[in-house]
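Now for the letters of each chain:
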Amino acid sequence: MLEFARFCKKEIPQCLLLLLFFLTSTSCVEMSENSELTGTGKPQVALLICMTEETPFFMSLVKGAQKASDELNAELIVYYAHDDPEIQIEQLKTVVDDGVEAIILNPVSDDVCPVIKEISFTGIPVFTIDRSSNCENIVSHIASNNLEGGAMAGVYLSEMLNRKGIVVELSGTEGSSAATERGRGFHEAIENYPEIEIVYSASASFNRSEGRKIFEDILSKFPVIDGVFAHNDDMILGAIEASKEAQRLDEIVFIGFDGTEEAISSLEKNELTATVAQRPEEMGRIGIETVMKYLSGEDVPDTIFIELALITK
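The structure displayed is predicted, hence computed values, not measured ones.

Student: Report on the pairing of strand 4 (residues 126–129), specifying residues and quantitative values.
Tutor: Of the two faces of strand 4, the one lined by Val 126 and Thr 128 and the one lined by Phe 127 and Ile 129 are each fully buried. One ladder, built from 3 bridges, connects strand 4 with strand 5 (residues 138–144); its direction is parallel. Across the sheet, the residue bridging to Ile 129 is Ile 142, located in strand 5.

Right, dumping it as structure tokens:
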């Protein structure tokens, strides 16, 4: 399919003839007939995850997507890119060559946009989930409202500090929509509290060990830290570990993002102060439902937000 798109750029007349044949012989086949080509009798949906199989948030998202796929008689194929855009690009090419009916993409970065543009020529619809992209030809985006979530964290942290103090931010993967939007929402909220100062902001790439290592360095540089907001629970749990080691846990207000089981456990132990809870299992379910509606000919919204909740002690 992708080679066909490249050919079209060079040989326009021949491409038009091939495209006419393609449209009459392939694209107009009904979804149920297409699905028989997979050997399962089910429409195949590829779910491409930016991180790893062990990431708690995405374990829940895939669980929800799998449940919905089973209920709606779809075959779900899951790939993990381990935060490597080149791996994800190759995975995209693979699922196109395999003839999937739809792609749900959790993009590593906008490096995937050129291949998404090529995929648009094949007629395979692409949806994004959790992380958005600046790619064109995305049918629908299913996610939490990260801007709102960042603002929720900023307001709660400020109020917990009685509207004054020294604050640190651990941000997610640079350039990802989740990190950009959560960070923007957080900073916009903090601007309403002139006596709150963000003295340090560093990317720990949504990674727990990086969060711990970076926060160890921050603790050594700043004798006073009143609060920290991390763009996900893995990073805030890493910061908590570093604070325990430095015997400074009780000095700091810790705010995370995701609402993972381990974060809730930390909250119950009076270590974590709060987390902005996403609903990844619901996100996965709605992602599959949206794809199946679209494949059935229904209109779907450009953006679908999953409701957030602030979980506190």
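So that's the structure; there's more coming.
Student: How would you sum up helix 4 (residues 56–71)? Please name residues and give values.
Tutor: Taking 1.5 Å of rise per residue, 16 residues should cover 22 Å, and helix 4 covers 23 Å from first to last C-alpha, within 8% of that figure. Three or more residues of helix 4 are buried, namely Phe 57, Phe 58, Leu 61, Val 62, Gly 64, Ala 65, Ala 68 and Ser 69. Taken down its axis, helix 4 places every buried residue within 160° of arc, on the same side. Across from the buried face of helix 4, at angles greater than 90 degrees, the exposed residues are Asp 70 and Glu 71. Buried residues belonging to helix 4 abut strand 1 (44–49), strand 2 (75–80), strand 4, strand 9 (253–258) and helix 12 (280–295). Asn 73 sits one or two residues past helix 4 and shows a positive phi near 60°.

Student: Residue-level account of empty space enclosed by the protein, with values.
Tutor: Throughout the structure, instances matching the rule amount to 1 cavity of 30 Å³ or more. Here the largest cavity defines a volume of roughly 150 Å³. Taken together, 16 residues make up the lining of the largest cavity; nearest its centre are Phe 57, Phe 58, Phe 206, Asn 232 and Asp 258. Every element with two or more residues in the lining of the largest cavity is listed here: helix 4, helix 8 (177–190) and helix 10 (233–245). Looking at which element gives the most residues to the lining of the largest cavity, the answer is helix 4, with 3 residues. Its residues placed into classes, the lining of the largest cavity shows 6 nonpolar, 4 polar and 6 charged.

Definitions and limits used
Sequence positions are assigned chain by chain, starting from 1 and proceeding in written order. Totals for whole chains, interfaces and linings use all residues, but because this is a predicted model, local features are given only for residues with pLDDT of at least 70 and pairs of side-chain atoms are given and counted only at 80 or more. Note that water and hydrogens are dropped before the side-chain values are worked out from all heavy atoms of the structure. Any residue under 20% of the maximum accessible area for its type is buried, any over 50% is exposed, and the rest in between are partly exposed; the area is computed with a 1.4 Å probe on protein chains only. Secondary structure elements are defined from DSSP: runs of H or I of at least 4 residues count as helices, runs of E of at least 2 residues count as strands, and each element is numbered from the N terminus. Think of it this way: DSSP has to see at least two bridges between two strands before they count as a pair. Take the residue count of a helix, subtract one, and multiply by 1.5 Å to get its expected span. The arc in question is traced by the directions running from the helix axis to the C-beta atoms. Contacts are residue-level and defined by heavy atoms, with any inter-residue pair within 4.5 Å sufficient. Detection works on a 1 Å grid of protein atoms alone, calling trapped sets that fit a 1.4 Å probe cavities and calling open sets with protein on both sides within 12 Å along at least five of seven lines pockets, with lining residues defined by an atom within 4 Å of a point. Grid points are joined across faces, edges and corners, and a volume is the space filled by probe spheres set on the points. Residue polarity follows a fixed list, in which Ala, Val, Leu, Ile, Met, Phe, Trp, Tyr, Cys and Pro are nonpolar, Asp, Glu, Lys and Arg are charged, and the others, Gly among them, are polar.

Remember, this is a structural readout, not a statement about activity or role.
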